[in-house]
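Breakdown of the fold
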Amino acid sequence: MEKTERLASLDALRGFDMWFITGGSSFLVALAWLLTGTRETWIATQMTHVEWAGLRIYDLIFPLFLFISGVSFPYSCAKRREAGATTGGILRHILVRTLILIGLGLVYSRIQLWDWPHFRVWSVIGRVGISWGVAAALWTVFKPRTCAVITGVTLLVWWLLLALVPSPDAPAGAAPMATGANCIATWVDSNFLTTAHRHEGGLATLAMPPLTMLGIFAGAFLRWRPGALSGNRRTLVLLGAGAVSTALGGVLATCFGGLSLPIVKNVYSSSYSLIAGGIAFALLAMFYWVIDVKGWVKWSLYFRVIGANAVAVYMAHAFVPWKPIAASLLGALPKACAVPGWEALCLSTGALAVSWGVFFFLYRRKIFIKV
């Protein structure tokens, strides 16, 4: 079965992505520890960020969320236009939503503590709001071809800036992207756009809308002429787009000699954005084919519960002590076995179960906290 005006797969993919940052990564690390007897496992490494150049699974979580936020916009935008909303009205909605997400991000980063030396200015949810707001506004105002040109020019300009302009503190003749200290984006962040807590995210926020725009293109394609292509063909097109985007990112990272741009998540290098976007296309294709095309929906309930209340799940992750709650409910069970990793697995599993149970309660009662 093929859904054209509502993607059941989108909530599942969003929930799958959220699962990693709300306890899933801890669960996987603990499980690997239990199975191998050591904390130093491949999966434990994959559940951390690369310090500078490179790519791990955990480096794909945030860009996937940016991509997903874009996929849903053509659907919501079309729905608003059908209800009579003007371009100005849609733009006002985009601005309000962007400001709300930035505000939630500030609260998540504990602005209420007024601890400026340790305050993280560029929150995850705030940057999602900015990236989504810019991409959504462009899609609302311009034609798709113009949006594609803007996306391409943004990636090109960001590539050239990072590859050609070193930090003022970089040694003479040093490659601008060899280290974080040499990078102009890191230097700008450190000196002008953030606090001492985390030199990441400020200038790079300008490079995030292309990832969201790739998601918008994917969502617009899935809405395009419902009867024109079968679900199987749409899936193949998404996979093809993912392959092209990933290949372009790889070429950009390796084939331009001194102008080659390393895959760096901290500054959203253009090569990183293209590769992350390509993987996001592939994941959307797989979830779309399994859930929306084939109709195999029931297995995805766990993820759909998380994805349907994504903002609430994310904010609760910051303020609700899920592990202590789970520990009080589990009693002596985490200490019942001396096998390395057992206690960590019990607590992470318990925390996931308790938090999921709360949001399943909301899901069953159709209580969805939207922004």
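In short, a report on the structure. Quick caveat: nothing in here was measured; it's all calculated off a predicted structure.

On to the overall build of the chain. A tally of regular secondary structure across the chain gives 15 helices and zero strands. In terms of overall size, the chain behaves like a compact globule, its C-alpha atoms giving a radius of gyration of 21 Å where 371 residues would be expected to give roughly 21 Å. For the chain, buried positions account for 48% of its 371 residues. Of the contacts made within the chain by residues no fewer than 6 positions apart, 72% connect residues no fewer than 24 positions apart.

Let us look at the packing of aromatic side chains. For the coordinates displayed, the defined rule picks out 19 aromatic pairs. Taking the centre distance of 5.7 Å and the plane angle of 85° together, the rings of Phe73 and Trp132 count as edge-to-face. Within this pair, whereas Phe73 is found in helix α4 (residues 73-82), its partner Trp132 is found in helix α6 (residues 124-141), the two being separated by 59 residues in sequence. Ring-pair connections join several aromatic residues into one group, and the members of that group are Phe16, Trp19, Phe20, Phe27, Phe287, Trp299, Tyr302, Phe303, Trp356 and Phe360. Across from the ring centre of Tyr75, 5.9 Å away, lies the NZ or CZ of Arg223, which sits over that ring. Across from the ring centre of Phe221, 5.6 Å away, lies the NZ or CZ of Arg234, which sits over that ring.

This part covers unusual backbone geometry. A positive phi angle is found at Tyr268, which is not glycine, with a value near 50°. Inspection of the secondary structure assignment puts Tyr268 in the loop between α10 (231-254) and α11 (270-293). What makes Tyr268 buried here is its relative accessible area of 1%. In the Ramachandran plot, Lys366 falls in the positive-phi region, its phi being about 55° despite a non-glycine side chain. Among the structural elements, Lys366 can be located in the segment after α15 (342-364). Take Lys366: its relative accessible area is 67%, and that puts it in the exposed class.

Further remarks concern a nonpolar patch on the surface. Residues Leu156, Leu160, Leu164, Val165, Val251, Phe256 and Leu259 make up a contiguous nonpolar surface patch of about 530 Å² in total accessible area. A total of three residues in the nonpolar patch trace back to one element, the largest contributor, which is helix α7 (residues 144-164). For Leu164, a relative accessible area of 52% corresponds to the exposed category.

The rules behind these values
- Residues numbered from 1 in each chain as written.
- Predicted model: local features only at pLDDT ≥ 70, side-chain atom pairs only at ≥ 80, totals over all residues.
- Heavy atoms only, no water.
- Helix = DSSP H or I, 4+ residues; strand = E, 2+ residues; numbered from the N terminus.
- Rg over C-alpha atoms; globule rule 2.2 N^0.38 Å.
- Buried < 20%, exposed > 50% of the residue type's maximum accessible area, 1.4 Å probe, protein only.
- Contact = heavy atoms within 4.5 Å.
- Phe/Tyr/Trp six-rings, centres within 6.5 Å; stacked < 30°, edge-to-face > 60°.
- Lys NZ or Arg CZ within 6 Å of the ring centre and 35° of its normal.
- Patch = residues over 30% accessible without salt bridge, like charges linked within 9 Å, V, L, I, M, F, W, Y side chains within 5 Å.
- Areas by Shrake-Rupley, 256 points an atom, 1.4 Å probe, with all protein chains shown as cover.
- Salt bridge = Lys/Arg side-chain N within 4 Å of Asp/Glu carboxyl O.

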